[in-house]
Amino acid sequence: MCQHTNPCPTAEAVDREAARTVATCREQGWSLLCNGVIVFEDTGEILPDGTMIEPHRGPARHALAA
């Protein structure tokens, strides 16, 4: 999915949350990353294959961005 010059981490990578945000819905508390991962304010995630990752730490960096 990612078409950046320096490709973002894939959805399977350990650092998948480092991918760039392509869409955000602050009202609902989620962001879509360019690797297809949906991340939530509580740091839970949904991977492109439907796998759910439970929240795993404090507020996500993308949730704090202005």
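First things first, this report covers the structure right here in the doc. (Residues numbered from 1 in each chain as written. Predicted model: local features only at pLDDT ≥ 70, side-chain atom pairs only at ≥ 80, totals over all residues. Heavy atoms only, no water.)

1. Some words on the nonpolar core
Then comes step 1: Core analysis: the biggest nonpolar cluster contains eight residues, these being Cys-8, Ala-11, Ala-19, Leu-33, Cys-34, Val-37, Val-39 and Leu-47.
Then comes step 2: Here Cys-8 is in contact with Cys-2, Ala-19, Arg-20 and Cys-34, once residues within four sequence places are set aside. (Core = buried A, V, L, I, M, F, W, Y, C linked by side-chain atoms within 4.5 Å. Buried < 20%, exposed > 50% of the residue type's maximum accessible area, 1.4 Å probe, protein only. Contact = heavy atoms within 4.5 Å.)

2. Let's talk about the pairing of strand β2 (residues 30–33)
Then comes step 1: Side chains of β2 alternate between two faces, with Ser-31 and Leu-33 buried and Trp-30 and Leu-32 left unburied.
Then comes step 2: As judged from the four bridges shared by strand β1 (residues 21–25) and β2, these two strands associate in the antiparallel manner. Counterpart to Cys-25 in the pairing with β2 is Trp-30.
Then comes step 3: Linking β1 to β2, which pair antiparallel, is a turn of four residues; within it Gly-29 sits at a positive phi near 80 degrees.
Then comes step 4: Here β2 runs beside strand β3 (residues 38–40); their pairing, made up of three bridges, is antiparallel. Paired with Ser-31 across the two strands is Val-39, which belongs to β3.
Then comes step 5: The turn joining β2 and β3, which pair antiparallel and follow one another in sequence, is formed by four residues; a positive phi near 90 degrees is taken by Gly-36. (Helix = DSSP H or I, 4+ residues; strand = E, 2+ residues; numbered from the N terminus. Pairing = 2+ DSSP bridges.)

3. So, unusual backbone geometry
Negative phi is the rule for most residues except glycine; trans is the rule for most peptide bonds.
Then comes step 1: If you check the backbone angles, Thr-43 has positive phi at about 75 degrees while not being a glycine.
Then comes step 2: Within the fold, Thr-43 resides in the loop between β3 and β4 (45–46).

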